[in-house]
Amino acid sequence: LPAAAGDRRPRRASGVRSGGQPMGDVHEIEASDGVRFSWNVWPATRLEATRMVVPLGCLYTPLKLIEGLPVLPYEPIVCKGPCPSVLNPYCRVDFRAKIWICPFCFQRNHFPPHYAEISEQNLPAELISNYTTIEYSLPRPKAGPPVFLWVVDTCMAEDELQAVRDSLEQALSLLPEDALVGLVTFGTTVQIHEIGYELCAKSFVFRGTKEPSAQQLQELLGLRAAKRDPREASGAGAARSGASRFLLPVSECEFAMSTILSELQKDPWPTETSERPLRCTGVAVSVAVALLESTYPNSGARMMLFVGGPCTVGPGQVVNRELAEPMRGHHDLEKENTTTKHVKKALKHFSAVAKRVAAAGHVVDIFACALDQCGLMEMRSLAATTGGYVVMAESFQNNVFKESWRKVLSRDAAGNLNMAFGASIEVLTSAELKVCGAIGNVFSLQKKAACIAETEIGLGGTVAWGVGSIDPETCVALYFEVANQPAQAAGAVGAQGGGGGQRYIQLLTSYQHATGAYRLRVTTLAHTYAETSSMAEVARGFDQEAAAVLMARIAVHKTLTEEPFDILRWIDRMLIRLVAKFADYRKDDPGSFRLSSHFAIYPQFMFHLRRSDFLQVFGNSPDETGFFRWSLMRENTTSSLIMIQPTLLAYSFSGPPVPVLLDVTSISADRILLLDTFFHCVVFSGETIASWRKQKYHEQPGHENFRELLLAPSEVITNIVVNDRSSNVVLMNSSMNGSTATNTQ
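Summary of the structure given here. (Residues numbered from 1 in each chain as written. Predicted model: local features only at pLDDT ≥ 70, side-chain atom pairs only at ≥ 80, totals over all residues. Heavy atoms only, no water.)

With respect to the nonpolar core
And step 1. Grouped together as the largest cluster of nonpolar side chains are 135 residues, with contacts concentrated most on W39, L478 and Y602.
And step 2. With near-sequence residues (within four places) excluded, W39 lies in contact with M52, V54, P55, L56, V538, A539, G541, F542, F582 and F599.
And step 3. Listed in part, the 41 residues of the second largest apolar core include F148, V164, I195 and W405. (Core = buried A, V, L, I, M, F, W, Y, C linked by side-chain atoms within 4.5 Å. Buried < 20%, exposed > 50% of the residue type's maximum accessible area, 1.4 Å probe, protein only. Contact = heavy atoms within 4.5 Å.)

Side note on the packing of helix α3 (residues 158–174) against helix α5 (residues 250–262)
And step 1. Their axes nearest at 10 Å, the elements α3 and α5 cross at an angle of 170 degrees. Classed by the angle they form, the pair α3 and α5 counts as roughly antiparallel. Side by side, α3 and α5 meet where R165, L168, E169 and L172 of the first sit next to V250, E254, M257, S258, L261 and S262 of the second.
And step 2. Residues that form the contact of α3 with α5 fall into these classes: five nonpolar, two polar and three charged. (Axes fitted to C-alpha atoms, helices over the stretch in contact; angles between N-to-C directions. Helix = DSSP H or I, 4+ residues; strand = E, 2+ residues; numbered from the N terminus. Parallel < 35°, antiparallel > 145°, perpendicular 65-115°, else oblique. Nonpolar A, V, L, I, M, F, W, Y, C, P; charged D, E, K, R; others polar.)

What about a nonpolar patch on the surface?
And step 1. On the surface, V664, I667 and M736 cluster together into a nonpolar patch covering about 250 Å² of accessible area.
And step 2. Here V664 lies in the loop between β28 (655–659) and β29 (672–676). (Patch = residues over 30% accessible without salt bridge, like charges linked within 9 Å, V, L, I, M, F, W, Y side chains within 5 Å. Areas by Shrake-Rupley, 256 points an atom, 1.4 Å probe, with all protein chains shown as cover. Salt bridge = Lys/Arg side-chain N within 4 Å of Asp/Glu carboxyl O.)

Examining the sheet that holds strand β23 (residues 502–512)
And step 1. Read across the open sheet, the seven strands follow the order β4-β9-β24-β23-β18-β21-β20; overall the sheet is mixed. The open sheet has two edge strands with one neighbour each: β4 (71–72) and β20 (443–444).
And step 2. With six bridges connecting them, strand β18 (residues 420–429) and strand β21 (residues 464–470) associate as antiparallel partners. Counted as the bridge partner of S424 is G466 from β21. (Pairing = 2+ DSSP bridges.)

Examining the sheet that holds strand β6 (residues 99–101)
And step 1. The three strands lie next to each other as β5-β6-β7, forming an open sheet whose pairing is antiparallel. Bordering the open sheet on either side are β5 (92–94) and β7 (108–110), each of which pairs with just one other strand. Here the average twist between neighbouring strands, direction ignored, is 25 degrees.
And step 2. Alignment of β5 against β6, held across three bridges, turns out to be antiparallel. Looking at the pairing, R92 lines up with I101 of β6.

Structure, rendered in structure tokens:
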């Protein structure tokens, strides 16, 4: 039993001192618990909470890489009261009676027999004050190996198809040997390849105009839910049956899969020059989902879709075959022109498929690479609902796709895939708080509890959400509201023997580790409330960066049901209300306006949010807008802020790089500017710098400082691309008075 000698029972609140003052840096708290709150000092009453304008919420990264995180190899101790809370540092403990009191429902619980030796000098890890976040490796039978089903579009040009073949063959060497793989190709028809058939290449072909049901697919393929390891056979060379005909371990099918990929040909169906190819993406996705839910339900499985154009036939069709009809644009969607006649049906089809994927606990990744749109706007729910990846590039030969593909299959320090499956996130709160909802790439589990708020933000009406796959970058926004006055709660706590003056939140994340082990991560947070009715104390705990991201997620979520103009007006009204509440000013005297440092840059974030690609659609296709919004819904606070307000660094001979304003005045002849928009990194050289580089001064002796100046932005970009981003970025070089920008990706 992990213990620390001499460690006393903790009485601290995570992120807040006893008087309600912010404790420590918010980045330190994020590093230790993976959580950032918009308000770190909470109001005393519900009425005061309504005056804060910005909602009380947090950005939670469930699999945040935490240094020194303990992993305990036993089942957690759970409260036997109405709440399923787990033993944590904020529980009051009677060491003599071996009883602990739950801070959420005040239930008195007995410790199990193997905790008989605990004392104030011999604490288990769950009660040590530094371990507000702890992880359990549950002693249960391991799940099977992960499943990867590749769904490949064969209507692409030959060079594009070859790039996909090369990437899939590379994946065979990157995946664990016990990982199961399968292949589905589609064009005019859908083909499920039976890689377990050893005599010759064999596949089952389905029409691209009709979607078979899961039951029909099971009958046609002879499938059943996999109840045994498909690698088992009745004897050497025995005929395979069931799932093992279509999904095999890499170690067994590497040669067969490589042979099928090398012989993969472009769709043979003839296509006129004035037509798009017949591409049945909707049926292919549905068939692949049916294959997985029939063979490996509620197991770690990913369906990876590689598509090079829009769906033109069957369910999920987004455009007609004739090239004379263009792909729908934002203007068409607004005016509901004839080019949008397929949009509603396609959205309905892919949303229904996404619900099936979520119910089976699987994931859909979308790799859409083409010069034209691929229908990503209609398909976005597949990845957004299940927690899958989305990569959008101009070509499968592009480094954006290649590096993103490599990162998807990357491994952690222990050599395991950097992904987890079948996750669920549950929120518990003390009586003073209610859960309004969550916004992110998750789906509702419809779990009811007393702490559900009447006001819904995002996916509300539940305290638990599911996500098919999570990784260390996955971030979910959770929203709360103050329910009761603290005096009432404090009285209840005192009556039960607990400590008053604090509000508690516990975040329970259960998931299947890449090794197949089942794990539970528990994060318990405690915050004090403001002791006075003055909002000044609350204002000192405002985290404007987290608040900006939480507001941005609400705004993007509103785009599903509201017009962009109404959302912009809502952002303006909320900003006006916030500064009216917390700024110092004299009426009719603009020069008297003063905003404290705790709020100083928040209006700047809202300024850039209004003009961001999340809300402004001019110059972007619906697919690009959908990709930008999906990215905001999964990234952490730092990455989201870069999307909202790009960073601009200036490099010069006068000193280290410094951040400068996003303004034309930042351009100087002897400077190099590095612009990071999260999706693009642009290196801009001033006129003098560009001239010296053109004359190759950096290659001459005696100009080492100039050479180092030119290399400095590249080092930062390399760190961003390799370490910080889950998907690759587009790198570009440009210079003052240069006619073009050079793509260096």
